[in-house]
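Examining the three-dimensional arrangement
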Amino acid sequence: MLESQDRPEWKASRLTDMVKVTYEAIRSSKDPHRRPPTTQTEQRWIEALPPFPKAWGKRRYLPLFAHLGLLLSYKRSRYEHIVVDEAQDVSELEWEIIQAHNAGGRWTIVGDLNQRRRLDINHLDWHELAKRLHILPDAQLFQPEVVERGYRSTQPILDFANRLLPPSENQPCSLQTDGPEPSVIRASTPGKRDLRAVGEASRLLDSYPGGTAAIITTDPDAIDKLLLGKGWRRTDTAVGAGDWAREGRRLAVRTPDSARGVEFDGVVVVEPRYFVRQEKFAGTLYTRLTRANRELVVVHSKPLPEPLRQR
């Protein structure tokens with residue numbers, strides 16, 4: 001048996017090969033070390049696993065591959081302190097994998113549960129998560145730091161987006177107290193909706209010279225075609241990015257996913273109904289409405305989610 005100082009360095013390609021072999025053994029039920037499935041759900045999940053080349057790189061299987069890599073590595077990466085951002089979107093299995101690397105048991109966890117994008121996140125509050133991760137012996141002593149001041153959006157934009165959240169939620173006040181009220185524009189057809197969205201984005205660029213503007217939509221292809229027909233030209237080749245330019249002005253077209261973590265002076269959100277997977281789960285829409293620093297426009301042809309309807 002090799003002592004730790006004699007162990008060879010494991011290359012990523014070697015570890016990938018080991019993960020592949022183990023994954024295929026699980027699929028074919030030939031792994032002698034794997035316990036038999038205890039439920040029909042587990043058995044169906046295993047039977048539904050695709051071949052390794054199709055599964056490799058897909059997000060839904062990344063936690064499984066990461067866990068296999070962790071188990072198969074002779075030398076695990078161990079850390080004294082781990083920082084987790086966007087913690088509201090970390091799944092149960094992902095927390096298990098991250099925790100396995102945290103030898104020191106010290107954490108910095110940053111997130112907003114109101115911005116959850118996924119329905120499979122089980123922890124509903126930070127106290128429950130702290131107890132799960134054994135951050136403190138008594139989770140009742142855990143006091144998360146709550147942001148009381150917002151820095152990105154104006155107060156009118158925050159007030160509009162906060163309609164999507166439970167009344168009991170303690171929402172931050174913005175340091176930007178002034179700004180135009182969000183505009184809500186109804187179009188009779190999807191075609192007219194998209195045309196109006198492009199027009200509003202152009203207006204925002206005129207209103208904030210030298211600033212930035214974006215259209216956030218679940219159907220970027222339709223917007224792209226309109227921009228191309230109006231003389232805009234792509235400035236990037238990244239899938240899902242959608243940066244356009246015309247006469248010295250720049251415009252971004254983003255999907256709900258590619259709009260994460262970015263902000264603009266002006267934002268046009270197209271068809272909010274398509275952002276909401278359930279009436280009580282509006283994290284994706286809430287987050288996209290607050291991408292705007294100065295001005296927000298909502299353009300729709302379908303009924304708005306109930307909280308956003310005119311009051």
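It should be emphasised that the depicted structure is a prediction, and the values quoted were computed from it without experimental measurement. Within each chain, residue numbers correspond to sequence positions counted from 1 in written order. The predicted nature of this model means local features are confined to residues of pLDDT at least 70 and side-chain atom pairs, given and counted, to a pLDDT of 80 or more, with totals for whole chains, interfaces and linings taken over all residues. Excluded from the side-chain calculations are hydrogens and water; all other atoms, namely the structure's heavy atoms, are used.

**Quick look at the nonpolar core**
Stated precisely, the cut-off is as follows: We define a nonpolar core as any set of buried Ala, Val, Leu, Ile, Met, Phe, Trp, Tyr and Cys residues linked to one another through side-chain atoms lying within 4.5 Å. Each residue gets one of three labels from its accessible area relative to the maximum for its type: buried under 20%, exposed over 50%, partly exposed in between, using a 1.4 Å probe on protein chains only. Each helix corresponds to a stretch of at least 4 residues labelled H or I by DSSP, and each strand to a stretch of at least 2 residues labelled E; elements are numbered beginning at the N terminus.
Among the nonpolar cores identified, the biggest contains 22 residues, and L164, V267, V269, L285, L289, L296 and L308 are the most heavily contacted of them. Going through the elements one at a time, α7 (155–161), β6 (213–216), β10 (264–270), α10 (283–289) and β11 (292–300) are the ones with two or more residues in this core. By size, the runner-up hydrophobic cluster in this structure holds 19 residues, among which are A197, L204, I215 and I223.

**A closer look at the pairing of strand β1 (residues 79–84)**
To keep things clear, this is the line we draw: Pairing between two strands requires that DSSP report at least two bridges joining them.
Where β1 lies against strand β2 (residues 102–109), five bridges are found, and the strand directions are parallel. Bridging from a neighbouring strand, V83 pairs with T108 of β2.

**Quick look at the confidence of the model for the protein chain**
To be explicit about the condition: For every residue, the pLDDT score states the predictor's confidence, bounded by 0 at the bottom and 100 at the top. What makes two residues a contact is simply this: any of their non-hydrogen atoms within 4.5 Å.
This prediction gives the protein chain a mean pLDDT of 80; 78% of its residues lie at or above 70. Segment residues 1–10: pLDDT under 50, and five contacts once partners within four positions in sequence are set aside and those in other chains are kept.

**Here's the deal with the environment of G191**
Here G191 is to be found in helix α8 (residues 190–207). Spatially, the C-alpha atoms of G191 and A222 are 8.5 Å apart, while their sequence positions differ by 31 residues.

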